[in-house]
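Per-entry structural report
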Amino acid sequence: MSALAEAVARAAGAVSDPELRRPLSELDMIADVVVDGAHARVDVRLTIVGCPASDRIERDVRDAALSVDGIDTVDVALGVMTAEQRRALTDRLRAGRDRENPFGPDSLTRVIAVTSGKGGVGKSTLTANLAVALAARGLAVGLIDADVHGFSIPALLGLVDATGRAPRPTRIDDLMLPPVGHGVKAISIGMFLRPEDDPRGAVAWRGPMLHRTIRQFLTDVHFGDLDVLLLDMPPGTGDVAISTGQLLPHGEVLVVTTPQRQAADVAVRSGLVARQTGQTPIGVIENMAPMTLPDGTMLDLFGSGGGAEVAAALGVPLAATVPLSPTLRADADEGIPIVVAHPDDPAARSIAALAAQLAARPRGLVGRSLRITPGP
């Protein structure tokens, strides 16, 4: 290969796959580079037939090759990996681990479950916005929609189309690549439902199916190396809460409540169950707290003090107080996180402050394997 061809190969190989978030050269997706004068031809191996990222990959590879001095025109030829090449890729992505939970006790990824005692307290909206706020701080963030019966994460991250359908994850053999919304890799049962008459669908599953779904989200979805994995938990203390405790016993828990005393009393239970399964409650988020009206008066639609009561009962800090915000509701309906659309809104500022607090908190490495192999 000539020096010019090598330069084109380096430039094309540095292009990142938009789903796997790794350079094409690292994924063995650059098959060949041929340079004839000022013209380059780059052969790219896509992971699967009908790869949804093919247009973007083709465009980015062409732009990268054209950036090389001495290259005036570029042809990009798209092919597809063989079965053997795909198997080698999935083995490399799994780093030799066969269908293992990559977020087990030895993982360096911080696992945070966001839970609540009852529904309707804004838990999913807060989780989606917190994930986006963490990603905006430069962290690699994954989000599992563990609320199987009441899934809403795809819509909150703007991943649904005009009909309300969410994109299916791309499959590479038995490995699934999660769609990305606002920098957050997300997976939800809502991405797999395709009833012809109603895109919203419905799930009526009992405990064993719920446990299997959460386990598959952990083992079969390739999130890559994450700094933080958030789980949007279903309300209450049912099957999913128990399964999550079994699968992720080292996880941390944020409890969401409204200021209302009745909501606060129920929220305490979700924190206690998390503690019983070995997880660690680390804070309480009070949502729909009193808001300041334009004339300076306070509107305490749901009362006040519930978050502090839950925090005191669990012996954890009141991590955030998010005021009632019509803008938060409107942005959620549009599928645009408020931390992106209206970062100066008081609710957005509170969520961003919580993200900063979590990002600054170091991960505990005591007793965890760093997966370092001693040299000779």
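What you see as residue numbers is a count from 1 along each chain, following the sequence as written. pLDDT decides what is reported in this predicted model: residues at 70 or higher carry local features, side-chain atom pairs at 80 or more are listed and counted, and totals for whole chains, interfaces and linings draw on all residues regardless. The basis for the side-chain values is all heavy atoms of the structure; hydrogens and waters are excluded.

**Quick word on empty space enclosed by the protein**
Both cavities and pockets are sets of points on a 1 Å grid over the protein atoms alone; in a cavity a 1.4 Å probe fits but cannot get out, in a pocket the set is open with protein on both sides within 12 Å along at least five of seven lines, and lining residues sit with an atom within 4 Å of a point. Grid points are joined across faces, edges and corners, and a volume is the space filled by probe spheres set on the points. Counted by the stated rule, this structure contains two cavities of 30 Å³ or more. Space inside the largest cavity adds up to approximately 80 Å³. Contributing to the lining of the largest cavity are Ala113, Thr115, Met233, Gly236, Ala241, Val253, Ser270, Val273, Ala274 and Gln279. Those elements that place two or more of their residues in the lining of the largest cavity are strand S4 (110-116) and helix H8 (261-276). In terms of residue count, the dominant contributor to the lining of the largest cavity is H8 (three residues). Residues are grouped as follows: Ala, Val, Leu, Ile, Met, Phe, Trp, Tyr, Cys and Pro are nonpolar; Asp, Glu, Lys and Arg are charged; all remaining types, including Gly, are polar. Here the residues of the lining of the largest cavity are counted per class, giving six nonpolar, four polar and no charged. There is about 40 Å³ of room inside the second largest cavity. Leu126, Leu130, Ile285, Ala320, Val322, Ile351 and Leu354 are the residues that line the second largest cavity. Tallied by class, residues from the lining of the second largest cavity come to seven nonpolar, no polar and no charged. A helix here means a DSSP run of H or I that spans at least four residues, while a strand means a run of E at least two residues long, and both kinds are numbered starting from the N terminus.

**Points about the nonpolar core**
Here, nonpolar core means buried Ala, Val, Leu, Ile, Met, Phe, Trp, Tyr and Cys residues that are tied together by side-chain atoms lying within 4.5 Å of each other. Three labels apply to residues, based on accessible area from a 1.4 Å probe with only protein chains included: buried if under 20% of the type maximum, exposed if over 50%, partly exposed otherwise in between. Formed by 74 residues in total, the largest nonpolar core has its most connected members in Leu130, Ile144, Leu157 and Leu229. Considering every element that reaches this core, the biggest residue donor is helix H4 (residues 123-136), with eight residues.

**Some details on the environment of Ser116**
Residue position: Ser116 is located in strand S4. Working rule for contacts: check all heavy atoms of both residues, and any pair within 4.5 Å makes them a contact. If near-sequence neighbours (up to four positions away) are discounted, Ser116 is found in contact with Val121, Lys123, Pro234, Pro235, Gly236, Val256 and Ser270. Among the polar contacts made by the side chain of Ser116, one reaches the main-chain carbonyl oxygen of Lys118 at a distance of 2.9 Å. Polar contacts here mean pairs of N or O atoms no more than 3.5 Å apart (in protein, one a potential hydrogen donor and the other a potential acceptor; neighbouring residues in sequence count only if both atoms are side-chain atoms).

**Some remarks on the UniProt feature "domain: MIP18 family-like" (unreviewed entry) in the protein**
UniProt positions are given in the numbering used here, feature names are shortened, and annotations may be inferred rather than shown by experiment. Feature annotation in UniProt assigns "domain: MIP18 family-like" (unreviewed entry) to the following positions: residues 6-76. Spanning residues 6-76, this segment combines 30% helix with 27% strand, and its end C-alpha atoms are found 16 Å apart.

**Regarding the environment of Ser152**
By the secondary structure assignment, Ser152 is in the loop between strand S5 (141-145) and helix H5 (153-156). Distance from Ser152 to Gly190, taken between C-alpha atoms, is 7.7 Å for residues 38 residues apart in sequence. Residue contacts for Ser152: discarding those within four places in its chain leaves Ser124 and Asp145.

**Focus: the side chain of Asp43**
Within the fold, Asp43 resides in strand S2 (residues 39-46). Separated by 2.9 Å, the side chains of Asp43 and Arg41 make a polar contact. Those residues in contact with Asp43, other than ones at most four positions away along the chain, are Met29, Ile30, Ala31, Asp32 and Ala77.

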